[in-house]
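Report on the structure
Residue-level listing of the chains:
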Amino acid sequence: MAETDAMAENAGVEGDGRGPERPGRAGRSGQAGPPGFSDHESLRRTLGFRDLVVYGLLFIAPMAPVGVFGTLDAKSHGAVALVYVVATVAMAFTAFSYAQMVRVAPQAGSVFAYARKGLGEAPGFVAGWMAMLDYLLIPAVAYLFAGIAMEALVPEVHRWVWTGIAVVVTTLLNLWGVRAAARVGFAVLAMEIVVLLVFVVSAVVVLVRDGAQRDWWSPLTGDGTFSLAAVIGAVSVAVLSYLGFDAIATFAEEVTGGSAKVARALLFCLVLAGALFVAQTWLVALLEPVSSAELAAEPVRQGSAFYDAVDASVGGWLHDLVAVSKAIGAAFAALAGQAAGSRLLFAMGREGRLPHALARTDAGVPRVALLVSAAVTMIAAVWAARRDDGLDHLVSVVDVGALTAFVLLHASVVGWFAVQRAEGPPHWLRHVVLPVTGAAILVAVIVEASVSAQVVGVVWLGVGLVVLAVQGAGRRPGGG
């Protein structure tokens, strides 16, 4: 914890009242929003550090590599653990930029608020608009995963029914309040961590008893010829496992203790997720009886590679345990995503960039924004659940929005600190070199994305630019 505190301080997120952070009003209700907004446009400060980490890890999911292990193993020539080491470092650039900008604009809009500060009204809207694509569709994917898993356990009930039930249950929890949802989410996250620990212990026992199927260091060096290009190519897929940790920043107006706590939670969540991803992929790679070359030659085996390795080495009971955990975990990943998405809609509505009704709160809960977010994800998830190719359609488009928003986040750091010099002379490493490097990495990932994802991203951007043109670029000065 001391390490993340130090990292937050280095990022300039002291949260001590210096600079632009302003606490706003805070009454007996605990509400505190940016100055200039009424109590009905303010959120309630009830979240602590643990709650923020819970939301971040729920959205990411501790066993996120399960579904993509086979693909990464095949693409990286077996160096799958190294892929996640590199991916964690790559995403650290984004986490560092978040940690800097959350002090500048400690508001619910996250990257929407940051880009408005650093780049201006129009880029701020574009950043929020592109992030909206991610925050509304990633929960739909998670709900669909939950429906698919439940259908496998209870095949008499179609997956779209389970998908709809998951949306309703998690929406009710979010309407209950962010603190209550965090408490339930903590219990679910604890269950996922326990299942992960059961897997780790079982894998270690098998490896000690029977030995490894591959060389012990192959998850770092590959199980054939090492290829740096192959590892980098796999990283473009692996970084998608981390999407969602940034949702922590959307709760900046609901955390007690200032923006430094948000920054620490962002960094801690990323480091913890990276460690979990490296550990589990290393172990399953050692258990995998099929070589990465065989997986590459037979793509149909890649999706179930993690489960197949567990079946062959440990037994079907662990397979079923992991599957149940993934079903429940996916639904609550969607809960965290839905909550984050509603905060983005709330912030954009409060600034007049979306219908103002979205900015209405009730006892500190943005109920209108939550219901709109739930309706959109319900439609997308149930539509996809009723189609055989629905999952492919959703998965192919969810990532470009977030990655584009991340690029604008990095640009915001440069704009605020180096171009505007809003806080004095910039620190060139922290305010230019690191964000530019982070943006370059993300652009490379976007280039590697599927053509369908790129097309959807361009179309969504085009629609957003039309909306922006109709609204006019300067409704309310940036800066909250």
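In this text, all values refer to a predicted model and were calculated from it rather than measured experimentally.

About the cut-offs
- Residues numbered from 1 in each chain as written.
- Predicted model: local features only at pLDDT ≥ 70, side-chain atom pairs only at ≥ 80, totals over all residues.
- Heavy atoms only, no water.
- Helix = DSSP H or I, 4+ residues; strand = E, 2+ residues; numbered from the N terminus.
- Buried < 20%, exposed > 50% of the residue type's maximum accessible area, 1.4 Å probe, protein only.
- Areas by Shrake-Rupley, 256 points an atom, 1.4 Å probe, with all protein chains shown as cover.
- Axes fitted to C-alpha atoms, helices over the stretch in contact; angles between N-to-C directions.
- Parallel < 35°, antiparallel > 145°, perpendicular 65-115°, else oblique.
- Left-handed = near helix turned anticlockwise from the far one by under 90°.
- Contact = heavy atoms within 4.5 Å.
- Nonpolar A, V, L, I, M, F, W, Y, C, P; charged D, E, K, R; others polar.
- Salt bridge = Lys/Arg side-chain N within 4 Å of Asp/Glu carboxyl O.
- Core = buried A, V, L, I, M, F, W, Y, C linked by side-chain atoms within 4.5 Å.
- Expected span 1.5 Å × (residues − 1).
- Arc of directions from axis to C-beta.

Scanning the protein chain for helices and strands turns up 19 helices and zero strands. Scored against the burial criterion, the 480 residues of the protein chain give a buried share of 56%. With the model as given, the accessible surface of the protein chain reaches about 18,000 Å², and the carbon-plus-sulfur share is 68%.

Moving on: the packing of helix α2 (residues 49-60) against helix α14 (residues 316-350). One way to put it is that α2 packs onto α14 with a least axis distance of 7 Å and a crossing angle of 120°. By the angle between their axes, α2 is oblique relative to α14. For the element pair α2 and α14, the recorded crossing hand is left-handed. Side by side, α2 and α14 meet where Tyr-55, Leu-58 and Phe-59 of the first sit next to Phe-332, Ala-333, Leu-335, Ala-336, Gly-337 and Ala-339 of the second. Grouping the amino acids of the contact of α2 with α14 by side-chain chemistry returns eight nonpolar, one polar and no charged.

Here the focus is the pattern of salt bridges. Two side chains with opposite charge may pair up if their charged atoms get near one another. Enumeration according to the criterion identifies nine salt bridges in this entry. Ionic pairing is found between Glu-351 and Arg-116, a salt bridge with its closest N-O pair at 3.2 Å. Taken as a pair, Glu-351 in the loop between α14 and α15 (367-385) and Arg-116 in helix α5 (residues 111-118) lie far apart in primary sequence, 235 residues in all. Taking the relative accessible area as the measure of exposure, Arg-116 reaches 4% and is therefore buried.

Quick look at the environment of Glu-254 now. Within the secondary structure, Glu-254 sits in the loop between α10 (228-238) and α11 (259-287). Look at Glu-254 and you get buried, because its relative accessible area is 0%. Measuring from C-alpha to C-alpha, the distance between Glu-254 and Gly-364 comes to 9.0 Å, with 110 residues separating the pair along the chain.

Further remarks concern the nonpolar core. Proteins that are soluble and globular tend to have nonpolar side chains buried together. In this structure, Tyr-55, Tyr-114 and Phe-199 are the most contacted members of the largest nonpolar core, which totals 146 residues. Counting residues per element, this core draws most heavily on helix α6 (residues 121-153), which supplies 18 residues. Not counting chain neighbours up to four residues away, the residues in contact with Phe-199 comprise Gln-280, Leu-283, Val-284, Leu-287, Phe-306, Val-310 and Leu-318.

The next thing to look at is helix α19 (residues 451-471). Along its 21 residues, α19 runs 30 Å from first to last C-alpha, staying within 8% of the 30 Å computed at 1.5 Å per residue. What α19 keeps buried is the set Ala-453, Gly-457, Gly-464, Leu-468 and Gln-471. Along the axis of α19, the buried residues cluster in a sector spanning 60°; they form a single face. Facing away from the buried side of α19 by more than 90 degrees, the exposed set consists of Val-451, Val-458, Val-466, Ala-469 and Val-470. For α19, the elements touching its buried residues are α6 and α17 (398-419). A positive backbone phi angle near 90° is found at Gly-472, which sits one or two residues after α19.

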